[in-house]
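Secondary and tertiary structure notes
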There are 2 protein chains.
Amino acid sequence: MPEKLVRINRERPTGGRPVLLAIAGDSAAGKTTLTAGLVAALGPDRCVSLCTDDYHRYDREERRGLPFTALHPDCNHVDIMEQHLQLLATGQPVLKPVYDHATGRLARPERVEPNEFVIVEGLLPLHTKLARACFDVTVYLDPAEEIRRSWKVARDTRKRGYTEEQVLVEMGRREAESAAWIHPQRQHADIVVRFAPIPGRNDPPETPLSAELMLRPSIRHPDLAAASGRTMHLKLERDCDGRPVDTLHIHGYVPREESVALEKAIWHLIGEPGGAAPDGLGRLGPDARSEPLAITQMILLHHLLEAAR
Amino acid sequence: MPEKLVRINRERPTGGRPVLLAIAGDSAAGKTTLTAGLVAALGPDRCVSLCTDDYHRYDREERRGLPFTALHPDCNHVDIMEQHLQLLATGQPVLKPVYDHATGRLARPERVEPNEFVIVEGLLPLHTKLARACFDVTVYLDPAEEIRRSWKVARDTRKRGYTEEQVLVEMGRREAESAAWIHPQRQHADIVVRFAPIPGRNDPPETPLSAELMLRPSIRHPDLAAASGRTMHLKLERDCDGRPVDTLHIHGYVPREESVALEKAIWHLIGEPGGAAPDGLGRLGPDARSEPLAITQMILLHHLLEAAR
């Protein structure tokens, strides 16, 4: 666990209520990867993370006979999820249901004790007003659709025992429900994160994805203008619904040294001056990393630490 | 469902908070049998019953390595049980864990919607003050120990796959914890029910058990003095701790016709005058019944209907 984070946070009275972060997004939008880096950086002993897919009302077998997919709110115990979020937000433990993605079955529930930071990722954590009210910071992951498709095929064929064709058929089946129930959560997020290649650029295929962070004025963001440059720039824009937002463009195509220099500068701006950024940020797998992901996680880390203060 | 109970209760506003009854007692004390008759009499569509054994923290396999038995509060999610009781008492659904007594394993949880009447039976429903505060009426089942032993051997060998010897060894292992954790709940019950042969009488072995109901002044009991006679009598006594109680003695040895006449008289006193007592009371199994059990259930029914008014 990074020592300096402990120091940043040492004034926080113990026994205070936990800080809750929501990471909403469609299947394979990158929720687990984003969460893992935050947990590694904060220290696993200060965090608990949970996935709202565990609140599925029906198992895979039962869903076969139903007119909707797992994305539909009626396919989930949304009210029990709300109840558990409220309990966790007020520092109480819950007995969380468990959905096993490998077998598609509902299993023995597990006890979740709230910790200093509670990270809640899943399909529908921002679906209801009562659920949204439980969070200190809310994120919606909105990668370019062709990127998400390739991530979903890769994961579901490797880890969940599906064939590529099955995954694509299932994605087609889910499209209408994704538009109806998952995507509308985007408007409620403090930060919308989009990983995508930059349109119009003809980068080689190995070029890391860029990230676009829509920073809504619903929470107070750190002043990143000073760190703007070739790797990252901030732009005042309007969201598709006309609301004003700051959009932070983090370019994946710049050389790694430049990104790393930017990470240091940002950590200096938002973290403890002089301290190094914590480990674990930007990790995509055993030997892959993304600097735009690291910067995204750094900004989220800032919000979590701010909320804890 | 008995029509007259609907009528008795029709003035109750719908959407009001549920009435909660606790039935606490050691393993095989008769909790399920008592509950079944109440549910049959009230109508299954107005009731939900649940068992707090479902809040076991460890499965049978895990308990083998532990220094306590399933009776110990540390072997149960007592705080989650409290949480769920509070939620049900305020009309909210819960996702209740499930312990499968047949396999000794924890399974997929099930959704419990509160109903007009919520009957909560189990080993530890009255263990904590917060749990007790959720109930309108509380019962402790305290059968004579030799009776409970015979019930436990019969049930666990027939339904739970144990041998008689295993059951007796387990009962021995549980004795100290039963005294430390289960029995103390007796002092918190509004009604303590004891099924036993009458001491000093040499009744033939087939004689039905008598019941002794300790009626604590913690709730307002119906005036049963008018129904006293050979079958049943009320006696002002002191509990073992010196507190004053009314004790209702219901004799199992009297001819069935007399018990049935008494049931009618009691129903006249506490139910709707002129209406017949509901079906399902006193049932011990497919072709066995107990009139003292029927009268006990009738008195509990009275309290439930009173609390609902």
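Rules and cut-offs
Residues numbered from 1 in each chain as written. Chains lettered and ligands numbered in written order. Predicted model: local features only at pLDDT ≥ 70, side-chain atom pairs only at ≥ 80, totals over all residues. Pairing = 2+ DSSP bridges. Helix = DSSP H or I, 4+ residues; strand = E, 2+ residues; numbered from the N terminus. Axes fitted to C-alpha atoms, helices over the stretch in contact; angles between N-to-C directions. Contact = placed C-beta atoms within 7 Å. Nonpolar A, V, L, I, M, F, W, Y, C, P; charged D, E, K, R; others polar. Core = buried A, V, L, I, M, F, W, Y, C linked by C-beta atoms within 7 Å. Buried ≥ 20, exposed ≤ 12 C-beta atoms within 10 Å, placed from the backbone. Domains from an automatic or database assignment. Least-squares fit on C-alpha atoms with pLDDT ≥ 70 in both. Expected span 1.5 Å × (residues − 1). pLDDT = per-residue confidence, 0-100.

Let's talk about the sheet that holds strand E2 (residues 47-51) of chain B
All names here are of chain B. Strand order across the open sheet formed by eight strands is E2-E5-E1-E6-E7-E8-E10-E9, with mixed pairing between neighbours. Either end of the sheet is taken by a strand with one partner, and the two such strands are E2 and strand E9 (232-238). With strand direction ignored, the average angle separating the axes of adjacent strands in the sheet is 20°. Across six bridges, the pairing between strand E7 (residues 191-196) and strand E8 (residues 210-215) is antiparallel. Counterpart to Ala 196 in the pairing with E8 is Ser 210.

Describing the interface of chain A and chain B
For an interface, size is often stated in terms of accessible area lost upon the parts coming together. Contacts between the two partners involve 14 residues from chain A and, on the opposite side, 14 residues from chain B. Of all the elements in the fold, those that place two or more residues in the side of chain A that touches chain B are helix H4 (78-89), strand E3 (94-100) and strand E4 (105-112) of chain A. Considering every element that reaches the side of chain A that touches chain B, the biggest residue donor is E4(A), with five residues. Among the residues forming the side of chain A that touches chain B, the class breakdown is eight nonpolar, three polar and three charged.

A word on the nonpolar core
Counting 124 residues, the largest nonpolar core has Leu21(A), Val139(A), Met298(A), Leu21(B), Val139(B) and Met298(B) as its most contacted members. Each of two domains, domain 1 (17-139) and domain 2 (190-309) of chain B, supplies a minimum of three residues to this core.

Looking at the relation of the copies chain A and chain B
At an RMSD of 0.0 Å, chain A and chain B line up after a rotation of 180° and a shift of 0.0 Å along the axis. Both copies are brought into coincidence by an operation consistent with a two-fold rotation axis. The rotation axis passes nearest to the C-alpha of Arg108(A) in chain A, at a distance of 2.5 Å. An overlap of 100% is found between the interface residues of chain A and their copies at the interface of chain B, pointing to a shared contact surface.

Quick look at the pairing of strand E7 (residues 191-196) of chain A
All names here are of chain A. E7 sits mainly inside the fold: five of its six residues count as buried. Note that strand E6 (residues 137-141) and E7 share three bridges and pair parallel. Residue pairing across strands places Tyr 140 opposite Val 192, the latter belonging to E7.

Let's talk about helix H9 (residues 291-308) of chain A
Compared with an ideal rise of 1.5 Å per residue, which puts 18 residues at 26 Å, H9(A) spans 25 Å between its outermost C-alpha atoms and is within 8% of the ideal. The element H9(A) is largely enclosed, with a buried count of 13 among its 18 residues.

Some details on the sheet that holds E6(A)
Note: strands within a sheet are paired through backbone hydrogen bonds, in either parallel or antiparallel orientation. All names here are of chain A. Read from one edge of the open sheet, eight strands run E2-E5-E1-E6-E7-E8-E10-E9, paired in mixed fashion. Edge positions in the open sheet fall to strand E2 (47-51) and strand E9 (232-238), since each of these has one partner strand only. Taking each pair of neighbouring strands and ignoring which way they run, the sheet shows an average axis angle of 20°. With five bridges joining them, E2 and strand E5 (residues 117-122) adopt parallel strand pairing. Looking across to E5, one finds that Cys 51 is bridged to Glu 121.

Looking at the environment of Thr207(B)
Residues and elements named next belong to chain B. With respect to the helices and strands, Thr 207 occurs in the loop between E7 and E8. For Thr 207, a count of 15 C-beta atoms within 10 Å gives the class partly exposed. Sequence separation between Thr 207 and Thr 103 is 104 residues; the distance between their C-alpha atoms is 35 Å. Non-local contacts of Thr 207, meaning those with residues more than four positions away in its chain, are made with Gly 252 and Tyr 253.

Some words on the confidence of the model for chain A
Residues and elements named next belong to chain A. On average, residues of chain A carry a pLDDT of 90, and 94% of them reach 70 or more. Low pLDDT, under 50, characterises residues 1-14; the predicted model gives this stretch 19 contacts beyond four residues in sequence or across chains. The ipTM assigned to the predicted complex is 0.83, against a pTM of 0.87.

A look at unusual backbone geometry
Excluding glycine, residues mostly have negative phi values, and the peptide bonds linking residues are mostly trans. Residue and element names in this part refer to chain A. The backbone of Ala 28 sits at a positive phi, close to 65°, despite the residue not being glycine. Assignment of secondary structure puts Ala 28 in the loop between strand E1 (19-25) and helix H2 (31-42). With 22 C-beta atoms packed within 10 Å, Ala 28 lands in the buried category.

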